[in-house]
Amino acid sequence: MRRRDALACGLTLSSLFAGRRAEAAPSTLPQAAAVPGGVALLPLGPLGPLGATAPSARPSARYQGDTVLVRPQGREWLAVVGIPLAADPAVPQTLEVVEADGRERRLSFELKPKRYAEQHLKVAPRHVELSPQDQARTQQERAHLREVLKRYSADREPASLRLQLPVEGRRSSSFGLRRFFNGQPRNPHGGMDIAAPTGRPVHSAAAGEVLDTGDYFFNGQTVIVDHGQGFLSLYCHLSAIDTAQGRQVEAGTLLGRIGATGRVTGPHLHFSVYLNAQSVDPALFLPAPTAAGQGRKTPA
Ligand SMILES: [Zn+2]
């Protein structure tokens, strides 16, 4: 009898401690979602003997030609892979891994299909039927942004891959929607829209360095923050920019103000998150929305 009591007590205690441990160490990882537009978390093997977390012991990984974020997680190395919205779930995916000692191997992984709905929006005709000047401008901007979004800062290690909400407002669940502007098909939606009034402050979602600012044809006034190792965040359609390229920021540092610049139907923040040059669903990195901030489909 006494023994049974002790056992029961022991079980209760251990489950109590397990609960406390889980509370004490919140996850630093995004939610795993091996789908187009999601994030695949792929274990690359044990950290090795004590002290092997030195950068020299870190394996490196590439996916579709881009360097992938690799971080120690528990006793393992973990690749955190951004999956493009255009990825074909019918095709096995390949991660190219180079071990710390130079050995190379290929890791195959599967994607699950995810069907994104269509969204039809009405915007100013000049943002759909582009004049020759605007066409030239957007081509230049696209090339510039492609380069910027490929940034992989090897020596900047993000402390966490969790993000804080950059602005208070209603979140949409519009990431990945297949979009039609004034009836014409365009690229799928590569971010989360957060509806908020013009002028409301927009803050950095995590610590990092301001990588780029600009006033772009589609994105309007924009700030891009480099959190390290290809983990970037992008803030669009701002009415004002309150930072500058090269500035170090913390989570919560003011970047700018809500606006309606670029191709929009009204004031909101377009918020994108990048891993290995792919825009992935920001919801995987953010705390779960409260009832008040619960999303519907908001404007472009
Ligand atoms: Zn948007």
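Each value, and the rule that gives it
- What you see as residue numbers is a count from 1 along each chain, following the sequence as written.
- In view of the model being predicted, local features appear only for residues whose pLDDT reaches at least 70, and side-chain atom pairs are presented and counted only at 80 or more, with totals across whole chains, interfaces and linings using the full set of residues.
- Here the side-chain values reflect all heavy atoms present in the structure, with hydrogen atoms and water set aside.
- A pair of aromatic rings is counted whenever rings of Phe, Tyr or Trp (Trp by its six-membered ring) have centres within 6.5 Å, and the orientation is called stacked for planes under 30 degrees apart, edge-to-face for over 60 and tilted otherwise.
- Helix numbering and strand numbering both begin at the N terminus, where a helix is a DSSP run of H or I of at least 4 residues and a strand a DSSP run of E of at least 2.
- Type-normalised accessible area, obtained with a 1.4 Å probe on protein chains alone, sets the label of each residue: buried when under 20%, exposed when over 50%, and partly exposed for intermediate values.
- Listed donors are limited to N, O and S atoms within 2.8 Å of the metal, widened to 3.2 Å for Na, K and Ca; water is not among them, so incomplete-looking sites are possible.
- Residue types Ala, Val, Leu, Ile, Met, Phe, Trp, Tyr and Cys, when buried and joined through side-chain atoms within 4.5 Å, form a set referred to as a nonpolar core.
- For the domains described, the bounds stem from an automatic or database domain assignment.
- Contacts were defined at the residue level, with two residues in contact if any of their heavy atoms lie within 4.5 Å.

Student: Just give me the short version of the packing of aromatic side chains, but keep the residues and values in it.
Tutor: Describing an aromatic ring pair means giving the distance of the ring centres and the angle of the ring planes. Using the criterion set out here, one finds 5 aromatic pairs in the structure. Plain terms: the ring middles of Y63 and F109 are 5.8 Å apart, the flat faces sit at 45° to each other, and that makes the pair tilted. Of this pair, Y63 sits in strand 2 (residues 60-63) while F109 sits in strand 7 (residues 104-109), and the two are 46 residues apart along the sequence. Overall, the relative accessible area of 6% leaves F109 in the buried class.

Student: A description of unusual backbone geometry should follow, citing residues and the corresponding values.
Tutor: Trans is the prevailing form of peptide bonds, just as negative phi is the prevailing case for residues other than glycine. Of note in the backbone geometry, Q64 takes a positive phi value of approximately 50° without being a glycine. Along the chain, Q64 falls in the loop between strand 2 and strand 3 (66-67). Q64 sits in the partly exposed class, given a relative accessible area of 49%.

Student: Tell me about the coordination of the zinc ion, and name the residues and values.
Tutor: With distances of 2.1 Å, the protein atoms coordinating the zinc ion are H189 (NE2), D193 (OD) and H270 (ND1). Ordering the donors of the zinc ion by residue number gives the pattern H-x3-D-x76-H.

Student: Tell me what's going on with the nonpolar core, and back it up with residues and numbers.
Tutor: Formed by 34 residues in total, the largest nonpolar core has its most connected members in L163, Y235, L269 and F285. For this core, the element with the highest residue contribution is strand 20 (residues 268-275), accounting for 4 residues. For this core, the two domains that each supply at least three residues are domain 1 (39-109) and domain 2 (118-284). Aside from chain neighbours lying at most four places away, what touches F285 is P30, V39, L161, R162, L163, F231, V273, L275 and V280. Counting 17 residues, the second-largest nonpolar core is a separate cluster that includes L47, Y63, I83 and L95.

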